[in-house]
Amino acid sequence: MSSADFTLIREATVPRLRRLRGHGLTIVAGLVVLAILLLAVIGPSISPFDPTVADAEPFLPPPNLSAWPGLLWAALSGAGTPVHWFGTDASGLDVFSRVISAPRTDLSIAVLANGFALLIGVPAGLLAGYFRNWGTETLMRVSDVLQSFPVFISAMILVALAGQSTVNIVAALAVLYSPIYVRLMRAEVMTQGARGMVEASRALGSSEVAIAIRHVLPNSLGPTLVQSSVTIGFAILLTAGLSFVGAGVRPPTPEWGLMISNGASGIMLGQWWPSVFPGIAISLTVFSFAALGDVLERAYRS
Amino acid sequence: MASHSRRAARTLLIGLGSLSCLVAGATGAARAADLLLLAEDVPSGLDPDGPSIALPTTQEGMVQMLEPLIDYEPKGPNDSGFVLPDFSKPRGRLLEAWDYDPKALTWTLHLRKGVKSCAGNEFTADDLIYTYGRALSTSGAVPNAWFLLNMGSIKGFTNDVFSTDKAVADAAKKLGDGIKKIDDYTVVVQQTEVNPLYFVNMAVTISQGVFDAKEMQKHATAADPWSHDYANNVNLPSFGAYCLERWVKDSQISYRANPNYYRGKAFYDHVVVKKVPEAANRLVTLRTGQAQMVQGLNAHQYDSLKDAKGVKVEGVLGNEGLFVVMNFKTKPFDNIKLRQAIAYAIPYERIVQVGYSGQAKQWEGVIPSSYPGFVKQAQPYSTDLAKAKALLAEAGFPDGKGLDAYKDAFKLSYVSEKEATLGPVVNAISTALRALNIPVTLDPIPQTQYGDRQIVKKDLGFAVNDQEKPIGVDAGYAMKLFFVSKEAGGINNMMNYANPELDALWVKAKIEGDPAARNKELADMQNILMRDVAWLPVVEFKTQFGLSDKVNGLTWVTDNSPRFYDLKN
């Protein structure tokens, strides 16, 4: 792809993003995603308590809302003892520290899984879309079979077979999400393949492989990159779901799904905070990634 | 904030009232029941030698219908209302009386007359002979009944039944002169050595309860001469207080009071046990008054019932305990000093409070403290981090240095289905041990996997266990079950503990005729086990039930299953 091509894309896209910048929802979603990314980097370092040390009183409720300004001021000014802002859970673990430390786990798994899914899906989609033969047709049918199973069930089975570890969760999610990229990439490559630039390259004597890599691939990446935002959101949800049913990360790792699962039995007793706060965090995150994906898609389409 | 929480809880309870309606509405029978018990499951089978014998909910079903030979006089209620037994006062149930001849090593059992089964058959010596014959046949999935008779040194109940030589095994499976019928109401049982466990084990209903032989034989087939299939899937004919009315596995079981029961018909004519898998749903249904009894809640949930109107919680520090398994075959747990260091690092009081809402106490021995023969250690392990550090250094790991090489060994396994109960406990343990640089990670595994690794493979390196209890009320029984080496006849020695000194003491204690000398030997065994931290006893916790405040008379039996017969309004 030449620098002129990039300039063209930038000129076409940037004004549209600028127009969307005024959209409230987009701003909120962007800020949440930024915050989550930031927490994934610094969350465990800024948490007031060690998120895996269970030495506080169990089921401490969060402080009353009216007490928050005073407590916040005391915390910011360095006075007073650290506060359990979101209360503590059944083990005496600080819920706030765990909520802000969890993005490192959830986002790492989601981003890595999405990255590996891209690594599998993009080349496979390029092959399937550009070089259409019995081999690539077989590849597509394998991809169809993978997509025909419910993702959650398949993920559970894969993790159960491979063993319950973070690496295996990443691998399972990558395998299960890669068909999305295969199909998206293939469709886009087929569109690009019919364009004049491909014919022109052939006329200039470029090899098919060179045309596929140099011209078709860069022009087909847009939809997959847009899809990434949505996939990361869903991967976070799936990671949390796996942990919720006991097939995900192991306790006491701070992880939203695990926190919801462990706190669920207390809801009936009025102890809502161990599961509601991670629930809010996960909803906000998934929604924000999906909203961002929507924004990017609209920007790309227009 | 606490009042906010209570308000929130109330709102939730009202909101979830409809859920309890669903539970009750699921069965018309339940609505009409005299007593509705909501449980985590219903019996998966009813055969004492069946594959599900280890499941508490299966045992709970059996004990309502099976009648034991003896039990213990009630001692009176504890402070929560639970009626406790007096283990020093055995009383006859199906036995009217018994004589023991120490010279001849024979027990003469005088059977109660006029006892009738649910089918109307009269109890005679033939029923007891059938029951013992069935045990010796070891034809079921698990030789549960045989095991206790073997443990009691009954003549003929030898390991030959498992011989690979078919002729030897077949011959060993036939009742010889170890059990003799004298007349319809007298049976003589011969022991091969002095052994008090035969008598103790008679009270273990889930193993030694007596069948209605006539009814069982009606359902025998050529392929299944001891009617295991019938007992496991259809009915358990016996002489107990209740008769089976309807049983839908995985859903519901209901009982009718035995009209012929020799101790008088039960107060509750009709009892329904319904499976409600979610503990919170059971709790809500009890609070709304649509069930009279619930079980299987965690300590926090029971605690929440204490202030509820019309509901009470009864509990007993009986024989349930939580201990840590450290496998002697897994390095570095073969290091006694390291084991002791860990024992001094455990935050006992925090576990009592966080894991059990205060409804527990530190376990200061290796057998239940409610059992006769329990020896409280003069200096039990306590939370003493300085001592733990010193012992860790003596073990060759100063400040935990060198333990990183054993990271895999320090995966603390526990049953993942018990996360609500065990989660706080394992978090407290791992927090305490990590403070000493012991590299503990948590390893929740499914119940089936845990059971397989504990009982079959015996390869749990480091684990928390809260599900083992000796049902026979005897210190020797408990130690033979869990600590005697496999070579010396140990059964459930999940730690692979093998100490010739302990085994030799057990050989002596097993046949010791003098009770004082036996108690001394059993005490020495307990001291050795605590010294070696054979398993690390952490807490004894209460066996609890939630009840309508109109239901009284709950009695504690060592299998921890309530006896519906004892319940009254």
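Residues numbered from 1 in each chain as written. Chains lettered and ligands numbered in written order. Predicted model: local features only at pLDDT ≥ 70, side-chain atom pairs only at ≥ 80, totals over all residues. Heavy atoms only, no water.

K.L.:
Mind showing me how you'd approach the UniProt feature "domain: ABC transmembrane type-1" (unreviewed entry) in chain A here?
P.N.:
UniProt records the feature "domain: ABC transmembrane type-1" (unreviewed entry) for residues 103-293 of chain A in the present numbering. As a span, residues 103-293 of chain A carries 84% helix and 0% strand, and end to end its C-alpha atoms are 19 Å apart. (UniProt positions renumbered as here; feature names shortened; annotations may be inferred. Helix = DSSP H or I, 4+ residues; strand = E, 2+ residues; numbered from the N terminus.)

K.L.:
I keep staring at the pattern of salt bridges and nothing clicks. Help me out?
P.N.:
Where charged atoms from two side chains of opposite charge come close, those side chains can pair. Within the structure shown, the criterion is met by 37 salt bridges over all chains. Ionic pairing is found between B:Lys275 and B:Asp41, a salt bridge with its closest N-O pair at 3.7 Å. With B:Lys275 in strand S10 (residues 270-275) and B:Asp41 in the loop between strand S1 (35-39) and helix H4 (56-65), this pair connects stretches of sequence that are 234 residues apart. A single burial state applies to B:Lys275 and to B:Asp41, both of which are buried. Ionic contacts of the salt-bridge type, sharing partners, join the residues A:Glu137, A:Arg141, A:Asp144, A:Arg183 and A:Arg186 into one network. (Salt bridge = Lys/Arg side-chain N within 4 Å of Asp/Glu carboxyl O. Buried < 20%, exposed > 50% of the residue type's maximum accessible area, 1.4 Å probe, protein only.)

K.L.:
Sorry, what's going on with unusual backbone geometry here?
P.N.:
Glycine aside, residues mostly have negative phi angles, and peptide bonds mostly take the trans form. With an omega dihedral of 5°, the bond running from A:Pro251 to A:Pro252 counts as a cis peptide bond. For A:Pro252, the location among the structural elements is in the loop between helix H9 (208-244) and helix H10 (256-267). Geometrically, the link from B:Lys331 to B:Pro332 is a cis peptide bond, its omega value of 10° lying close to zero. With respect to the element layout, B:Pro332 can be found in the loop between strand S13 (321-326) and helix H14 (336-345). Phi angles above zero are rare outside glycine, and B:Leu105 is one such case at about 55°. Phi is positive for B:Thr138, close to 40°, though the residue is something other than glycine.

K.L.:
Can you walk me through the environment of B:Arg282 in this structure?
P.N.:
Residues and elements named next belong to chain B. In this structure, Arg-282 sits in helix H12 (residues 279-287). Residue classification places Arg-282 among the buried residues on the basis of a relative accessible area of 2%. Those residues in contact with Arg-282 that sit more than four places away from it in its chain are Leu-38, Ala-39, Glu-40, Val-276, Pro-277, Val-294, Gln-295, Gly-296 and Leu-297. (Contact = heavy atoms within 4.5 Å.)

K.L.:
Help me out: how do you make sense of a nonpolar patch on the surface in this one?
P.N.:
Residue and element names in this part refer to chain A. Nonpolar side chains collect at one region of the surface, where Ile-27, Leu-31, Leu-34 and Leu-37 lie side by side and expose about 370 Å² of accessible area between them. Inspection of the secondary structure assignment puts Leu-37 in helix H2 (residues 24-46). Given a relative accessible area of 39%, Leu-37 falls into the partly exposed group. (Patch = residues over 30% accessible without salt bridge, like charges linked within 9 Å, V, L, I, M, F, W, Y side chains within 5 Å. Areas by Shrake-Rupley, 256 points an atom, 1.4 Å probe, with all protein chains shown as cover.)

K.L.:
Looking at this structure, I do not really get the interface of chain A and chain B. What am I missing?
P.N.:
How large an interface is tends to be reported as the accessible area lost when its parts come together. In this complex, chain A contributes 26 residues to the contact, which on the side of chain B involves 27 residues. It is A:Pro251, A:Met268 and A:Leu269 in chain A that bury the most area against chain B; as a group they hold 31% of the surface buried on that side. In this structure, the connection of chain A to chain B is made through eight residue pairs in polar contact (both at pLDDT 80 or more). Among the residues making up the side of chain A that touches chain B, the classes are represented as 17 nonpolar, seven polar and two charged. (Buried area = accessible area lost by both parts, 1.4 Å probe. Polar contact = N/O pair within 3.5 Å; in protein donor to acceptor, adjacent residues only side chain to side chain. Nonpolar A, V, L, I, M, F, W, Y, C, P; charged D, E, K, R; others polar.)

K.L.:
Would you explain the UniProt feature "transmembrane region" (unreviewed entry) in chain A in this entry?
P.N.:
Residue and element names in this part refer to chain A. Those places that UniProt annotates as "transmembrane region" (unreviewed entry) correspond, in this numbering, to residues 25-46, 66-86, 107-131, 151-177, 230-249 and 276-296. Regarding residues 25-46, the helix share stands at 100% and the strand share at 0%, and the terminal C-alpha atoms are separated by 28 Å. Between the C-alpha atoms that bound residues 230-249 the distance is 22 Å, and the span itself is 75% helix and 0% strand.

K.L.:
Mind showing me how you'd approach the sheet that holds S13(B) here?
P.N.:
Sheet strands line up and pair through hydrogen bonds in the backbone, either parallel or antiparallel. Residues and elements named next belong to chain B. Across the sheet, which stays open at both edges, the six strands sit in the order S14-S18-S13-S17-S15-S16 with mixed pairing between neighbours. Single-partner strands in this sheet number two, and they are strand S14 (360-362) and strand S16 (441-445). Strand after strand, the sheet turns through a mean of 25° between neighbouring axes, direction not considered. As paired elements, S14 and strand S18 (residues 536-541) share three bridges and run antiparallel to each other. Looking at S18, one finds that Ala-360 is bridged to Phe-541. Of the strands in this sheet, S13, S14 and S18 are in contact with helix H15 (residues 348-356), which crosses S18 at around 40°. (Pairing = 2+ DSSP bridges. Axes fitted to C-alpha atoms, helices over the stretch in contact; angles between N-to-C directions.)

K.L.:
Sorry, what's going on with the packing of aromatic side chains here?
P.N.:
For any two aromatic rings, the description comes down to two numbers: the centre-to-centre distance and the angle of the planes. By the definition in use, this model includes 36 aromatic pairs over all chains. On the numbers, 5.1 Å between centres and 75° between planes, the contact of B:Tyr344 with B:Tyr381 is edge-to-face. Linking B:Tyr344 in helix H14 with B:Tyr381 in the loop between S14 and helix H16 (385-394), this pair joins segments that are 37 residues apart in sequence. There is no split in this pair, since B:Tyr344 and B:Tyr381 are both buried. Aromatic side chains B:Phe483 and B:Trp535 sit 4.6 Å apart centroid to centroid with 65° between the ring planes, which places their arrangement in the edge-to-face category. Placement of the pair is B:Phe483 in the loop between helix H19 (475-482) and helix H20 (500-510) and B:Trp535 in the loop between helix H21 (515-531) and S18, with a sequence separation of 52 residues. Per residue, the accessibility class of B:Phe483 equals that of B:Trp535, and both read buried. Through successive ring pairs, a cluster of aromatic residues spans A:Phe86, A:Phe96, A:Trp272, A:Trp273 and A:Phe277. Lying over the aromatic face of B:Phe328, B:Arg339 brings its terminal NZ or CZ to 3.6 Å of the ring centre. (Phe/Tyr/Trp six-rings, centres within 6.5 Å; stacked < 30°, edge-to-face > 60°. Lys NZ or Arg CZ within 6 Å of the ring centre and 35° of its normal.)

K.L.:
What's the story with the nonpolar core in this structure? I'm lost.
P.N.:
Generally speaking, nonpolar side chains in soluble globular proteins are found buried as a group. Ranked by internal contacts, the top residues of the largest apolar core, which has 162 residues, are B:Leu109, B:Tyr132, B:Tyr242, B:Ile342, B:Tyr356, B:Phe483 and B:Leu536. With sequence-adjacent residues up to four places away left out, B:Leu109 is seen in contact with B:Leu95, B:Ala97, B:Trp98, B:Leu128, B:Tyr132, B:Tyr185, B:Thr186, B:Val187, B:Val189, B:Tyr198 and B:Met202. In terms of nonpolar packing, the next biggest core, distinct from the first, is built from 53 residues, A:Ile169, A:Ala235, A:Trp273 and A:Phe289 among them. (Core = buried A, V, L, I, M, F, W, Y, C linked by side-chain atoms within 4.5 Å.)

K.L.:
Can you walk me through the sheet that holds strand S9 (residues 252-257) of chain B in this structure?
P.N.:
Residue and element names in this part refer to chain B. The strand order across the open sheet built from seven strands is S8-S9-S10-S1-S11-S19-S12, with neighbouring strands paired in mixed fashion. The strands lining the two open edges of the sheet, one partner per strand, are strand S8 (242-248) and strand S12 (311-316). In the sheet, strand S11 (residues 293-294) pairs with strand S19 (residues 543-548) via two bridges, with the strands oriented antiparallel. Paired with Met-293 across the strands is Leu-547, a residue of S19.

K.L.:
How should the packing of helix H7 (residues 166-193) of chain A against H9(A) be read in this particular structure?
P.N.:
Think of two packed helices as two axes; the pair is described by the angle between the axes and how far apart they sit. Residue and element names in this part refer to chain A. Running from N to C, H7 and H9 point in directions that differ by 155°, and their axes come no closer than 9 Å. As summarised for this structure, H7 and H9 are arranged roughly antiparallel, according to the angle between their axes. Along this stretch, H7 crosses H9, giving a crossing that reads as right-handed. Across the contact of H7 with H9, the residue classes break down as 16 nonpolar, eight polar and one charged. (Parallel < 35°, antiparallel > 145°, perpendicular 65-115°, else oblique. Left-handed = near helix turned anticlockwise from the far one by under 90°.)

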